[in-house]
There are 2 protein chains.
Amino acid sequence: MRAEIIGVGTELLLGQIANTNAQWISSRLATLGHSVYHHTVVGDNLKRVTDSFALAESRADLVIVTGGLGPTEDDLTLDAAQLVFDQELVEHEDSMEKIKSYYQRNQKFMSENNRKQARVFENASVFQNLEGMAPGQLVKHEDTLWVFLPGVPREMKYIMDEYIIPYLQNNYHIESQIVSEMMRFIGIGESDLETKLQSLIKSQTNPTIAPLASEGEVGLRLTATGESTEQAKEKILSLKTEILTHVGKYYYGSDAITIEEKVRDLLKEKSLKIGSAESFTGGRFLERLIALPGASSVCQGGYTVYTPEMKERILQVPKFLIKKYGTISHECAEMMALNAQANLDVDVVVSFTGVAGPDASEGHEPGTVFIGLQIGERKPEVHKFHFDGGREQVRVRAVKKAYEMIFHRLKN
Amino acid sequence: MRAEIIGVGTELLLGQIANTNAQWISSRLATLGHSVYHHTVVGDNLKRVTDSFALAESRADLVIVTGGLGPTEDDLTLDAAQLVFDQELVEHEDSMEKIKSYYQRNQKFMSENNRKQARVFENASVFQNLEGMAPGQLVKHEDTLWVFLPGVPREMKYIMDEYIIPYLQNNYHIESQIVSEMMRFIGIGESDLETKLQSLIKSQTNPTIAPLASEGEVGLRLTATGESTEQAKEKILSLKTEILTHVGKYYYGSDAITIEEKVRDLLKEKSLKIGSAESFTGGRFLERLIALPGASSVCQGGYTVYTPEMKERILQVPKFLIKKYGTISHECAEMMALNAQANLDVDVVVSFTGVAGPDASEGHEPGTVFIGLQIGERKPEVHKFHFDGGREQVRVRAVKKAYEMIFHRLKN
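Residues numbered from 1 in each chain as written. Chains lettered and ligands numbered in written order. Predicted model: local features only at pLDDT ≥ 70, side-chain atom pairs only at ≥ 80, totals over all residues. Heavy atoms only, no water.

The name given to chain A in an unreviewed UniProt entry is Putative competence-damage inducible protein, and the organism recorded there is Halobacillus trueperi. In the Sequence similarities (unreviewed entry) part of its UniProt record, chain A is described as follows: "Belongs to the CinA family." (UniProt positions renumbered as here; feature names shortened; annotations may be inferred.)

So this is what it looks like as structure tokens:
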């Protein structure tokens with residue numbers, strides 16, 4: 001199908017946010033084999049939104065609209081669609097109930113304009129928005145399929161993945177099938193990975209191989225086409241096997257998995273409990289683990305000891321040690337890991353101490369970091385790093401590095 | 001001027017990159033006082049690019065095109081423009097010299113298609129591209145001003161800042177100056193805020209008021225035009241004062257400030273030290289504070305006690321209390337706050353216990369949350385909440401709510 005994606009919202013035209021919704025939807029439609037011919041962004045103006053909708057209907061088989069479904073005066077996506085379709089909107093009972101009960105439950109006043117968010121077209125398929133108020137809806141008008149989605153990325157993605165993509169897959173069959181897999185690697189740089197796979201990358205046309213670097217790790221996107229999904233999958237599998245013979249030791253998983261999830265799975269598999277003792281990372285290591293469902297079976301708890309006094313007071317790092325070596329030291333990272341392990345009674349502890357910046361500390365430049373890793377009854381290992389970037393990058397990179405260390409230690 | 005920004009490139013329609021060029025250009029034009037009415041993205045297809053250009057010329061005074069100026073077959077921005085303008089392209093000598101000398105200097109073979117990148121319209125103003133090959137150009141056709149820029153953000157930004165923005169400033173003097181301010185509120189919903197300000201919002205035309213909801217808070221963007229910046233600022237100030245008389249108690253700051261920064265500033269101002277005792281939030285509350293520069297002067301440390309055993313073991317929550325009330329209880333949140341305050345020796349402690357989901361726990365539905373707040377020697381206050389959304393939202397919303405509680409308690 002020829003598709004068009006329309007973003008409605010003056011905030012996009014003012015440059016306050018980028019139209020990442022269009023990018024995300026486009027990449028989803030591409031894997032389904034549909035061709036996106038246009039992205040359009042238009043502001044909260046009834047005439048211009050209506051004109052954009054009329055133009056889209058004249059040139060596209062599928063139009064996906066994001067934004068303009070909120071409760072305020074500015075939100076006029078459905079009003080514009082009503083003009084183009086010449087159809088009435090009706091109140092969707094389930095959605096209205098949901099809005100009402102939200103306000104009751106939260107003991108807030110529901111103003112009349114909240115009713116707006118329950119409006120749907122009479123012949124629409126309505127999709128519940130678990131993440132927010134306004135439902136998604138799908139309407140056929142003339143020969144065009146229209147999809148209306150909230151502008152909040154989380155809500156939009158939920159409805160797309162849960163309803164719209166399965167609907168398109170079931171109702172609009174594409175001749176040649178596309179399968180793609182994102183292989184994820186940690187502990188190797190992008191150019192190093194590319195060099196190791198150079199001949200493969202150059203010779204491959206189906207599947208194609210596209211490297212993609214992100215914070216502290218590298219991905220390889222393999223994309224294959226075939227007459228059937230099975231055929232395309234076989235091509236992916238055979239290339240993947242080849243890739244793994246070269247760089248398998250850095251590979252931790254494919255597609256949606258994250259390194260945090262991989263570490264959680266390894267801990268679970270080995271029945272290990274983990275805790276942490278964190279200074280400048282502020283508890284971020286453990287927080288990223290507790291963010292995952294199923295964390296409670298592997299994750300107990302931890303300490304955030306930001307100041308030297310806290311390291312002494314609640315983690316029993318001896319005064320003399322801090323005086324002699326400073327808190328930003330191999331010795332302090334080691335003692336933090338050891339004492340946290342004893343206090344928390346866990347198998348694995350990771351400890352962090354260092355300088356996130358912007359200022360130097362104890363004579364160390366921003367980016368200087370010690371990470372300690374204590375597993376079972378082994379002697380703790382402590383590594384010193386220097387991370388580039390501002391305060392936030394240093395913190396994020398240090399935490400990612402700790403996950404990398406644990407992954408490489410536990411995977412065998 | 002009414003402006004339109006057109007991105008040319010199939011990679012945008014495949015979702016490989018987001019159209020951040022349009023965002024960046026929009027924000028620049030907004031500060032100059034020009035109104036962007038449309039963003040369009042179109043692929044590398046001569047017919048569709050030509051159609052998009054013709055449409056843009058019919059509705060805009062200023063069209064800025066990014067992308068499609070490279071040397072390959074796919075790069076056809078200028079070919080399309082040629083069709084719309086009915087004008088010939090000529091080779092730009094300086095640009096051609098630059099391309100040739102690049103290939104000589106790098107001892108690379110210059111293929112014939114590299115000449116493409118030196119093409120310009122005869123009556124164009126041509127702008128050297130210090131960052132790459134293809135120059136930028138500015139052409140007047142009919143009543144529309146056309147700007148063609150490379151798609152590589154670095155090259156595009158260079159030519160915009162160096163040439164196009166000064167050109168617009170010098171030649172399209174905006175009589176009126178624009179000033180805008182984003183007022184930030186917490187503890188009040190979007191529609192409630194709008195209802196309280198309804199008459200103001202309806203009657204206002206200069207400044208305009210635009211509400212914008214984000215996670216757990218609401219913004220109001222005030223935008224004023226005036227003959228001078230000072231005059232516009234005065235209008236903003238007078239409206240802001242009026243708004244504050246209605247909803248001032250929810251206001252925490254304007255523009256780039258976050259609620260975490262506001263809380264850090266309030267703690268600093270009052271010389272208070274803060275710590276935390278967190279269960280399902282996994283340390284996120286403290287982590288968001290330590291993420292800020294200057295955190296060490298107000299933030300000491302905290303506990304992440306995810307399991308019941310940890311609450312007993314490192315935070316001394318009594319066994320009988322957990323047995324009688326459960327860990328997801330008013331009593332447990334209170335005891336966590338009290339014991340953490342004593343252990344950490346801090347002025348303020350916030351405690352979290354609850355169910356993030358996806359599964360229920362101790363008979364409580366996901367989203368059930370108790371937040372404790374202990375300040376100085378007062379009796380701790382504990383509030384029960386129900387947050388909607390998945391595991392991550394519940395955690396994020398709970399942490400935001402705690403910042404809101406502290407803000408409202410400290411601001412007076």
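Picking up after the structure, the text goes on.
Our next topic: the domain arrangement of chain A. Domain annotation of chain A identifies domain 1 (2-171), domain 2 (177-254) and domain 3 (259-410). If you average the C-alpha positions of domain 1 of chain A and of domain 2 of chain A, the two centres end up 35 Å apart. (Domains from an automatic or database assignment.)

Here we take up the UniProt feature "domain: MoaB/Mog" (unreviewed entry) in chain A. Within this structure's numbering, the places UniProt gives as "domain: MoaB/Mog" (unreviewed entry) are residues 4-171 of chain A. Structurally, residues 4-171 of chain A comprises 43% helix and 23% strand, and the distance from its first C-alpha atom to its last is 18 Å. (Helix = DSSP H or I, 4+ residues; strand = E, 2+ residues; numbered from the N terminus.)

As a further point, take helix H10 (residues 259-269) of chain B. For an α-helix, the turn length of 3.6 residues means that residues three or four places apart are oriented alike. All names here are of chain B. Of all the positions in H10, only Ile259, Glu260, Val263, Arg264, Leu266 and Leu267 are classed as buried. Projected down its long axis, H10 carries its buried residues within an arc of 165 degrees, all on one side. Taken from the residues just after H10, Ser271 is the one with a positive phi, measuring 50 degrees. (Buried < 20%, exposed > 50% of the residue type's maximum accessible area, 1.4 Å probe, protein only. Arc of directions from axis to C-beta.)

Bringing the nonpolar core into the picture now. Formed by 76 residues in total, the largest nonpolar core has its most connected members in A:Phe285 and B:Phe285. When residues no more than four places from it in sequence are discounted, the contact partners of A:Phe285 are A:Ile274, A:Ser276, A:Glu278, A:Val350, A:Phe352, A:Val399, A:Ala402, A:Tyr403 and A:Ile406. (Core = buried A, V, L, I, M, F, W, Y, C linked by side-chain atoms within 4.5 Å. Contact = heavy atoms within 4.5 Å.)

Pairing between side chains of opposite charge can happen when the charged atoms of each approach one another. All names here are of chain B. Counted under the stated rule, the structure contains 43 salt bridges over all chains. Glu4 serves as the salt-bridge partner of Arg59, at 2.9 Å between the closest nitrogen and oxygen. Highlighted residues: Arg59 in helix H3 (residues 46-59) and Glu4 in strand E1 (residues 2-8), separated in sequence by 55 residues. Judged by its relative accessible area of 1%, Glu4 is buried. The shortest N-O distance in the salt bridge between Arg397 and Glu215 comes to 2.6 Å. Pair noted here: Arg397 is in helix H15 (residues 391-410) and Glu215 is in the loop between strand E10 (208-214) and strand E11 (217-226), with a separation of 182 residues, a long-range link. With relative accessibility at 18%, the residue Arg397 sits in the buried group. Residue Glu215 is classed as partly exposed on the basis of its relative accessible area, which comes to 24%. (Salt bridge = Lys/Arg side-chain N within 4 Å of Asp/Glu carboxyl O.)

So, about the packing of helix H2 (residues 20-32) of chain A against helix H6 (residues 153-171) of chain A. All names here are of chain A. H6 packs onto H2 with a crossing angle of 20 degrees between their chain directions and a minimal axis gap of 11 Å. Considering the angle they form, H2 stands roughly parallel to H6. Considering only the axes of H2 and H6, their crossing is right-handed. Side by side, H2 and H6 meet where Asn21, Trp24, Ile25, Arg28, Leu29 and Leu32 of the first sit next to Pro153, Met156, Lys157, Met160, Asp161, Ile165, Leu168 and Gln169 of the second. When the residues that make up the contact of H2 with H6 are grouped by side-chain class, the tally is 9 nonpolar, 2 polar and 3 charged. (Axes fitted to C-alpha atoms, helices over the stretch in contact; angles between N-to-C directions. Parallel < 35°, antiparallel > 145°, perpendicular 65-115°, else oblique. Left-handed = near helix turned anticlockwise from the far one by under 90°. Nonpolar A, V, L, I, M, F, W, Y, C, P; charged D, E, K, R; others polar.)

Across the boundary between the two partners, chain A contributes 72 residues, which contact 70 residues of chain B. Between chain A and chain B lies a buried interface of about 5600 Å² when both sides are counted; carbon and sulfur atoms form 51% of it. Contact with chain B buries area across many residues of chain A, yet A:Leu13, A:Glu287 and A:Ile290 alone supply 10% of it, more than any other trio. Taken together, the links from chain A to chain B amount to 9 salt bridges. Close ionic contact of B:Arg284 with A:Glu287 constitutes a salt bridge, the shortest N to O distance being 3.6 Å. Run the count over chain A and chain B and you get 30 residue pairs in polar contact (both at pLDDT 80 or more). The residue inventory of the side of chain A that touches chain B, partitioned by class, reads 31 nonpolar, 27 polar and 14 charged. Looking at chain direction, strand E2 (residues 35-42) of chain A and strand E2 (residues 35-42) of chain B are connected through 5 bridges and run antiparallel. Note on E2(B): the bridge partner recorded for A:Val41 is B:His39. (Buried area = accessible area lost by both parts, 1.4 Å probe. Polar contact = N/O pair within 3.5 Å; in protein donor to acceptor, adjacent residues only side chain to side chain. Pairing = 2+ DSSP bridges.)

Attention now goes to the sheet that holds strand E11 (residues 217-226) of chain A. All names here are of chain A. Spatially, E10-E11-E9-E12 is the arrangement adopted by the 4 strands of the open sheet, whose pairing is antiparallel. Strand pairing shows two members of the sheet lacking a second neighbour, strand E10 (208-214) and strand E12 (251-254), which therefore form its edges. Across the sheet, the axes of successive neighbouring strands diverge by a mean angle of 25 degrees, strand direction being ignored. Note that strand E9 (residues 177-186) and E11 share 10 bridges and pair antiparallel. Paired with Met183 across the bridge in E11 is Leu220. Packing of helix H15 (residues 391-410) onto the sheet brings it into contact with E9, E11 and E12, and relative to E9 it is tilted by some 95 degrees.

So, on to helix H6 (residues 153-171) of chain B. A bend of about 45 degrees at B:Met160 is the largest found in H6(B). Packing partners of the buried residues in H6(B) comprise helix H2 (20-32), strand E3 (62-66), strand E6 (125-127), strand E7 (136-141) and strand E8 (144-149) of chain B. (Bend = angle between axes of the 7 residues up to and from the residue.)

What follows concerns the state of the cysteines. A complete count under the given rule lists 0 disulfides over all chains for this structure. The cysteine A:Cys299 is free of any disulfide, with B:Cys332 supplying the nearest cysteine sulfur at 17 Å. Exposure remark for B:Cys332: the relative accessible area of 0% places this residue in the buried category. (Disulfide = S-S within 2.5 Å.)

This part is about the side chain of A:Lys240. Residue and element names in this part refer to chain A. On the secondary structure map, Lys240 appears in helix H9 (residues 229-247). When its relative accessible area of 16% is taken as the criterion, Lys240 is described as buried. Among all residues touching Lys240, those that are not within four sequence positions of it are Glu181, Met183, Leu222, Tyr251 and Ser254.

Moving on to unusual backbone geometry. Across the chain, the bulk of peptide bonds are trans and the bulk of non-glycine residues have phi less than zero. The linkage connecting A:Asn206 with the following residue, A:Pro207, adopts the cis geometry, with an omega of 5 degrees. Relative to the elements of secondary structure, A:Pro207 occurs in the loop between helix H8 (198-203) and E10. Of the consecutive residues B:Gly357 and B:Pro358, the connecting peptide bond is found in the cis state with omega at 5 degrees. As for its position among the elements, B:Pro358 is in the loop between strand E15 (348-354) and strand E16 (368-375). Even without being glycine, A:Asp255 reaches a positive phi, approximately 60 degrees. Summarising the element assignment, A:Asp255 is placed in the loop between E12 and helix H10 (259-269).

Residue and element names in this part refer to chain B. Within the secondary structure, Ile375 sits in strand E16. When its relative accessible area of 9% is taken as the criterion, Ile375 is described as buried. Linking Ile375 and Lys273, residues 102 residues apart in sequence, is a C-alpha distance of 10.0 Å. Not counting residues up to four positions away in its chain, the partners in contact with Ile375 are Gln341, Asp347, Val348, Arg409 and Leu410.

All names here are of chain B. Within the secondary structure, Ser329 sits in the loop between helix H13 (319-325) and helix H14 (330-344). A polar contact of 3.0 Å, which involves the side chain of Ser329, links it to the backbone nitrogen of Cys332. Excluding residues that lie within four positions of it along the chain, Ser329 makes contacts with Thr353 and Phe370.

A few words now on the environment of A:Thr327. Residue and element names in this part refer to chain A. In this fold, Thr327 is placed in the loop between helix H13 (319-325) and helix H14 (330-344). It is 9.9 Å that separates the C-alpha atoms of Thr327 and Phe370, two residues lying 43 residues apart in sequence. Within the structure, Thr327 has its side chain in polar contact with the side chain of Glu362 (distance 2.6 Å).

Our next topic: the sheet that holds strand E12 (residues 251-254) of chain B. All names here are of chain B. With antiparallel pairing, the 4 strands of this open sheet are ordered in space as E10-E11-E9-E12. Each end of this open sheet is capped by a strand with a single partner; those strands are E10 and E12. For this sheet the average axis-to-axis angle between neighbouring strands, irrespective of direction, equals 25 degrees. Bridge count for E10 against E11 is 7 bridges, and the pairing is antiparallel. Its bridge partner lying in E11, Ala210 is registered against Arg221. Here H15 sits on the sheet and contacts strand E9 (177-186), E11 and E12; the angle it forms with E9, its principal contact strand, is near 95 degrees.

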